[in-house]
Amino acid sequence: METPRSRENSMDRSRESVHVFCRLKPLENETETSIKLLSPTTLTIRSTADKSTKRDVHYIFNHIFTSYSSQKEIFDHVALPLLEGVINGKNGLLFTYGVTGSGKTYTLTGEPNNPGIMPRCIDTLFNTIANFQTQKYVIKSDKMNGFEIQSESDAVEDRFRETRTNKISKTNRRAMGDCKSYYTNDGSRLTNLNENSLYCVFISYIEIYNNIVFDLLDESTSTRPESKILREDSQKNMYVNGSVELEVKSAAEAYELFFKGQKRKRMAYTALNAESSRSHSIFNIRIVQIEQVAQNSHGQAAVPENNIMRVGQLSLVDLAGSERCSRTQTTGLRLKEASIINNSLMTLRICLETLRENQQTGNNKLVPYRDSRLTLLFKNYFEGGGQVRMVVCINPSLRDYEENLQVLKFAEMTKDVKVINPEPRTPYNIRRAKTKTPGVTRTPATMKRSRPASFLLPKLPIFTTDANKSVKRFLDETSNLLKVLNLRKEKSLGFNSIVREKENHFRKRLVDINQQMLVSQSEAQSIKALLKKEKRKNYNLETKLADVEANQKDLEMQISNFEEVIKKQQLKIDEKDMKINQNLLEKEKTKQKQALKAERIAQELEAKHRQQRAHLQAEMDAQDMKLKKVKELLDSEVPMSPLQIPGSMATIDFDAPMTTKRESPPAQSEGVINESTSHRRNMIRTPLRHRRSRSTGDVWLEHNSIKPVPLGTVLQPSMKKRKSVSKLKKADDVTNPKQTKYCLITQEQDDEGELETKVYKGDILPTCGGGAQVVFNDVERLRQESPTGTPTSGYRQ
Ligand SMILES: Nc1ncnc2c1ncn2[C@@H]1O[C@H](COP(=O)(O)OP(=O)(O)OP(=O)(O)O)[C@@H](O)[C@H]1O
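Since we're looking at a predicted model, the values are computed, not measured.

Turning to the pattern of salt bridges, a few remarks are in order. One pass over the structure, following the stated rule, counts 18 salt bridges. E253 serves as the salt-bridge partner of K136, at 3.2 Å between the closest nitrogen and oxygen. Taken together, the residues K136 in the loop between α4 (117-129) and β10 (139-141) and E253 in helix α7 (residues 251-264) connect sequence positions 117 residues apart.

In structure tokens, the structure reads:
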């Protein structure tokens, strides 16, 4: 029974880790190195600044190539096993990774007379398949990442066309230098070649610059190369749609294509390296293997009808430098380039990390291959479509310490990623390309005209050459045979003319069909042109769509951020609203409480007020009663002592008793009087006393109701200290304790012109409420009579 562990083991066996190699660049001064080699597979990195005693981190590789390692050593170790797989229909991906100037291009391309991995691959390949190549143009690309076989006549036609155009391109080749001598061939070859197969080699050269794919071999546009899109073929392999893929029959032809591409490749200046390449370049070698080779009638190797083919692809990738922008002092366009380079390398890193995580945890997280063209193009390799090798190039100088640390970490992580052990890709039946010229057979076999079938002709008589036969019988049989033969000849001629007629008819039909086909071809071409236009439009729209999608993502992010902020603000507003409502409720409550309280107080006051009023009314009634009694008393006539007036002078007897003629007290004067009235209930009952108006220490408060006529009399009320009521300004002036006396003076004139002055006198007494009251206790009447007038009574009352 299969247990989970055994399943895991079998899965592990079918998986292969990404092989990661390290190559150290030679230093001018070997003492200034940050790398310490511990074994052929282990190294450690340290900066001089880092003096801490913490343990060094060890980085393990499949193999470490020192600065003394030769280009051949690296090729043998890294690329040769890949090439062996590729020649048997497997795919292989080899990429160099490292900081700018660390030796990536040197490792991959090399130098004249010291070739790197790419030229060695080409040489080894052609050294191996030299005698096992198909004739050129027998196999051609179907433009959809597949291959198809051409008729021999079409292949011959294409070869002829090439020899014509090659005459022109010779000048080109001279201009490029002799490619053959550029790289020295060390004669190495592979040993695992299937000698029953035929091979042909195709080259394509792609560049990814600023995350846009360009075809470095596309010569259709001389100025600006057209950007290409990535597509998936029928076998789920990613490929560059519409890229030029050319068949090469020798290493020299392959180099020629490489140099053509190099010429177009963008090279840009950075502060670190004047030759620094700012793009990822991908050199693809595809080997098509055709099994079961047969021979044609001329003894040449030919491809039988029902054959199968295998295609192996080797992608050699020179990644752009992974340096930091600040380090290279990049600005402007260079900065944009650097950020896009770093983005695509970061995506590569994220893809590998996600793959490793999925493999280690059994998760099925989405690997973001689509985030960058670089990772999308190599998606198949990481998903089991081929072997993967990485060469990490390190410049061990102390200056590169920080960058190298990042590179080593990336390498460490990549080493743990496993790709499914690739099987040779499923071979597929060869598709036959449509022949270009109708009526021409695909194979060189010549057609022989067939004879009419013998059963349609008269039967031949039996003719024997017997020696015993008589001469006559012999002659008869011979003439009979001749007759039959003539008949057969006639019939044969008849058949032949019918066949010829039919042939002519058939040819005519063929010509018609051919013409129709030409029309269809021209139509197809115009449709193709239209399609191309549409594709270009489509591509532009796709790129626009991608931009719009990216913008939309940004906007969505911004919207969600804003929404979050709005939510928070809304919450705050709601909280504040709640507080305000609570406050309002509390205010309302206190208002209601206060209103209730005020009502209660008002009611209490009203009740008190009513009580007081009733009380006052009662008191006033009592007062009125008393006043009435006083009035009654006053009204009772009391005769006053007669006034002795010697001459014209009136004499006032101050010792006269008070009970002389008394009049009811005058209406209470304003101010003081009012106050005393309002406090009637507080009035102090003082016994009526007789007071002399001549008391000297008292201050009199004099109240003249009118401006009196000057009396000029001898007798006058004696008031030494007096103060007029009109001079009082404040309430306090009334209650002044020094003011103890009050007098109200009135004057009247009778019909005879006699003047009578009345002086109502009283004491000012303080009340309990802090006010003052006047108690009238005396009235003086001063009358002046003319001596010439009718004598009346001149007296003082
Ligand atoms: N192992 C080596 N032995 C000798 N010379 C080397 C080695 N590695 C690199 N160099 C030299 O260092 C220089 C820079 O190398 P190279 O151009 O390969 O760097 P690079 O990493 O490809 O840079 P970029 O990222 O800019 O393309 C070249 O002149 C090359 O000859």
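After that view, the rundown keeps rolling.
As annotated by UniProt and renumbered to match this structure, "binding site: ATP" (unreviewed entry) occupies G98, V99, T100, G101, S102, G103, K104 and T105. Set against the second largest cavity, the annotated residues named above that line it are T105. Within the element layout of this structure, G98 appears in strand β7 (residues 92-98). Under the relative-accessibility criterion, G98 is labelled buried at 0%. Not counting residues up to four positions away in its chain, the partners in contact with G98 are K104, A320, G321, S322, C393 and V407. Beyond its immediate chain neighbours, meaning those up to four positions away, K104 contacts T96, Y97, G98, V99, D318, L319, A320, G321 and C393.

Before going further, it helps to spend a moment on the packing of α4 against α7. Interhelical geometry of α4 versus α7 gives an angle of 155 degrees and a closest axis separation of 9 Å. Of the possible angle classes, the one that applies to α4 and α7 is roughly antiparallel. Here α4 runs over α7; the crossing is right-handed. For the pair formed by α4 and α7, the contact residues are M118, P119, I122, D123 and F126 on the first element and A251, A254, Y255 and F258 on the second.

Positive phi, normally seen in glycine, also occurs at K143, with a value near 70 degrees. Locating K143 in the fold gives a position in the loop between β10 and β11 (147-149). What makes K143 exposed here is its relative accessible area of 67%. Phi angles above zero are rare outside glycine, and N145 is one such case at about 75 degrees.

Inspection of every chain in the model, using the stated rule, returns seven cavities of 30 Å³ or more. In terms of lining, the second largest cavity is formed by 13 residues, of which the most central are L108, T109, Y205, F258 and S281. For the lining of the second largest cavity, the secondary-structure elements that each account for two or more residues are α3 (104-108), α7, β18 (280-290) and β21 (308-318). No other element matches β18, which puts three residues into the lining of the second largest cavity. Counted by class, the lining of the second largest cavity contains seven nonpolar, four polar and two charged residues.

To continue, consider the confidence of the model for the protein. For the protein, mean pLDDT is 76; residues scoring 70 or higher make up 72% of the total. This stretch, residues 268-276, has a pLDDT under 50; its non-local contacts, to residues over four places away or in other chains, come to 23 contacts. For the stretch residues 637-695, pLDDT sits under 50, and the model shows 135 contacts to residues farther than four places along the chain or on other chains.

A word on the layout of surface pockets. Its volume calculated, the second largest pocket comes out at about 1,200 Å³. Together, 34 residues line the second largest pocket, and N211, R370, D371, R373 and A546 are the ones closest to its centre. For the lining of the second largest pocket, the secondary-structure elements that each account for two or more residues are β15 (230-232), α9 (332-361), α10 (373-377) and α13 (471-635). If one sorts the elements of the lining of the second largest pocket by residue count, α13 sits on top with 14 residues. Split by residue class, the lining of the second largest pocket holds 13 nonpolar, eight polar and 13 charged. In terms of domain composition, the lining of the second largest pocket takes at least three residues from each of domain 1 (14-432) and domain 2 (454-635).

The rules we used
- Residues numbered from 1 in each chain as written.
- Predicted model: local features only at pLDDT ≥ 70, side-chain atom pairs only at ≥ 80, totals over all residues.
- Heavy atoms only, no water.
- Salt bridge = Lys/Arg side-chain N within 4 Å of Asp/Glu carboxyl O.
- Helix = DSSP H or I, 4+ residues; strand = E, 2+ residues; numbered from the N terminus.
- UniProt positions renumbered as here; feature names shortened; annotations may be inferred.
- 1 Å grid on protein atoms, 1.4 Å probe; cavity = no way out; pocket = protein on both sides within 12 Å on 5 of 7 lines; lining within 4 Å.
- Buried < 20%, exposed > 50% of the residue type's maximum accessible area, 1.4 Å probe, protein only.
- Contact = heavy atoms within 4.5 Å.
- Axes fitted to C-alpha atoms, helices over the stretch in contact; angles between N-to-C directions.
- Parallel < 35°, antiparallel > 145°, perpendicular 65-115°, else oblique.
- Left-handed = near helix turned anticlockwise from the far one by under 90°.
- Points joined across faces, edges and corners; volume = space filled by probe spheres on them.
- Nonpolar A, V, L, I, M, F, W, Y, C, P; charged D, E, K, R; others polar.
- pLDDT = per-residue confidence, 0-100.
- Domains from an automatic or database assignment.

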